[in-house]
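# Observations on the model geometry
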Amino acid sequence: MNITDILTAFSKGLAEKNYSFIKTKPEENLISEETTELCFYKPSGAVINYVIVINTFKTPSFELRFDLLKKSILSQIKYNAKAVFLCIAVGDERAAEFTLRGGFDPQAEVVNIRWAVDIKNGNFICGKDSPSKFDGIENILKNAKEPQPKTVSGIFRSQSCRSSDFIKTRSVIVTYGLIALNVIMFILLSLDGGSENTQTLLKYGAIYAPYIKQGEYYRLFTYTFLHIGILHIFSNMFGLFIFGSRCERYYGYLKFTAVYLISGLGCSLLSFLFSGESVSAGASGAIFGIMGSSLAYTLINNIKMDGLDAYVYIIISIINIGFGFVYPGVDNWGHIGGFAAGVILGIIIGFADKKKVSKNDKAV
């Protein structure tokens, strides 16, 4: 087995494990004996796994290069996450010596794992205290069966788009803030006449067409933070937690907030226009907007939002809107308005992010 076979095996194996390629040198695309380094990453919960493979035959100061790559990568992390670096030196005896330096501390904010592949002697070596297994990557070498050299971009482009390419943040802040705000408002309603009291709901900003026609347009926004009864708020906050937290991680704070508020406005406008003079309240329209937006986004980019793809969102949306036509007292016009607004926003954001990811091929 030669250096080209090993580098190709790592590229193909990591692509299959949903790692994304980080281009570190614009001129390097074809995997060959001249390839100096390969870098990959994959978010995993609140941790980002990085794999750096360096050809020590072509990189005399490869330990320094490892450090420079790590510093460059860490400087570009835009959200709070723990980083784990698997540094693999591939070459001769110098690669083996690399594993003798540096320790392994799994509790550190930046965890370093050192491996080496000594081609000359056919040895796979783990660093001092470093684990010998990591994310199944240790099996990649076993599966290297004289692969033909390919371009790195060709290997990764052959894979479908990965969710990790689109993640903006792992810190869910807005979703939890919205849940807290809705719970606080529910407590206020309960202490001031009850959440099912019509006058109390109107006092705090529920939708009521005659009042909106008189100029109380603020109700088009305030209604989404009010809920009628404990079951109403529980079901909505559960839905907001499930769908909102996923959407926020992929959209980021600002775009997710915009989707929530604009979908809520779409809900209130259709409710105002078609639901007569009934009193309406609840975050369900905004949550339908989040589902509609996530549906469009996952469909356009062919990804899953933490396990949920477009087909799941379609099924859930159809079932919930169908219930709205069957059960009385449900403001289904509001649900449809929020869902439609969300779909439009999802299309806009989805194509914008797809364009960014397709152009994100810069050197570190």
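Above this text sits the structure in question.
Calculation notes
Residues numbered from 1 in each chain as written. Predicted model: local features only at pLDDT ≥ 70, side-chain atom pairs only at ≥ 80, totals over all residues. Heavy atoms only, no water. Phe/Tyr/Trp six-rings, centres within 6.5 Å; stacked < 30°, edge-to-face > 60°. Buried < 20%, exposed > 50% of the residue type's maximum accessible area, 1.4 Å probe, protein only. Helix = DSSP H or I, 4+ residues; strand = E, 2+ residues; numbered from the N terminus. 1 Å grid on protein atoms, 1.4 Å probe; cavity = no way out; pocket = protein on both sides within 12 Å on 5 of 7 lines; lining within 4 Å. Points joined across faces, edges and corners; volume = space filled by probe spheres on them. Nonpolar A, V, L, I, M, F, W, Y, C, P; charged D, E, K, R; others polar. Core = buried A, V, L, I, M, F, W, Y, C linked by side-chain atoms within 4.5 Å. Contact = heavy atoms within 4.5 Å. Pairing = 2+ DSSP bridges. Axes fitted to C-alpha atoms, helices over the stretch in contact; angles between N-to-C directions. Salt bridge = Lys/Arg side-chain N within 4 Å of Asp/Glu carboxyl O.

## Side note on the packing of aromatic side chains
A complete count under the given rule lists 11 aromatic pairs for this structure. Seen in terms of ring centroids, Tyr41 and Tyr50 are 6.4 Å apart; in terms of plane orientation they differ by 35 degrees. Their pairing is tilted. Tyr50 shares its class with Tyr41; the two are buried. Considering the side-chain rings of Tyr50 and Phe85, the 4.8 Å spacing of their centres and the 15 degrees angle between planes classify their relative orientation as stacked. Remark: Phe85 occurs in strand S4 (residues 82-91) and Tyr50 occurs in strand S3 (residues 47-55); sequence separation between them is 35 residues.

## Topic: empty space enclosed by the protein
Within this structure, the stated rule accounts for 3 cavities of 30 Å³ or more. Space inside the second largest cavity adds up to approximately 50 Å³. Elements with a contribution of two residues or more to the lining of the second largest cavity: helix H2 (62-75) and strand S5 (110-118). Per-element tally for the lining of the second largest cavity: the top contributor is H2, with 4 residues. In terms of residue class, the lining of the second largest cavity is built from 4 nonpolar, 1 polar and 4 charged.

## Some words on the environment of Ser280
Take Ser280: it is sitting in the loop between helix H10 (253-274) and helix H11 (284-301). Ser280 sits in the buried class, given a relative accessible area of 8%. Taking C-alpha positions, Ser280 is 9.5 Å from Ala209, a pair spaced 71 residues apart along the chain.

## So, the nonpolar core
The biggest cluster of nonpolar side chains holds 37 residues, and the ones touching the most others in it are Leu240, Tyr251, Tyr260 and Ile290. Of all elements in the fold, only helix H5 (174-191), helix H9 (230-251), H10, H11, helix H12 (310-326) and helix H13 (332-359) reach the threshold of two or more residues within this core. Setting aside residues up to four positions removed in sequence, Leu240 forms contacts with Thr175, Leu178, Ile179, Ser245, Tyr260, Ile287 and Ile290. Grouped together as the second largest cluster of nonpolar side chains are 23 residues, Tyr19, Leu86, Val90 and Val111 included.

## Some words on the sheet that holds strand S1 (residues 20-22)
Strand order in the open sheet formed by 6 strands is S1-S2-S3-S4-S5-S6, with mixed pairing between adjacent strands. The sheet terminates laterally at S1 and strand S6 (123-126), the two strands that pair on one side only. Looking at each pair of strands side by side, their axes are set apart by 20 degrees on average, direction ignored. Where S4 meets S5, 9 bridges bridge the pair, whose relative direction is parallel. Within S5, the position partnered with Leu86 by the bridge is Ile113.

## Here we look at the pattern of salt bridges
Following the criterion strictly, the structure yields 8 salt bridges and no others. With its nearest N and O atoms 2.7 Å apart, the salt bridge here joins Arg65 to Glu37. Of this pair, Arg65 sits in helix H2 while Glu37 sits in strand S2 (residues 37-44), and the two are 28 residues apart along the sequence. Across the pair, Glu37 and Arg65 agree in class, each one buried.

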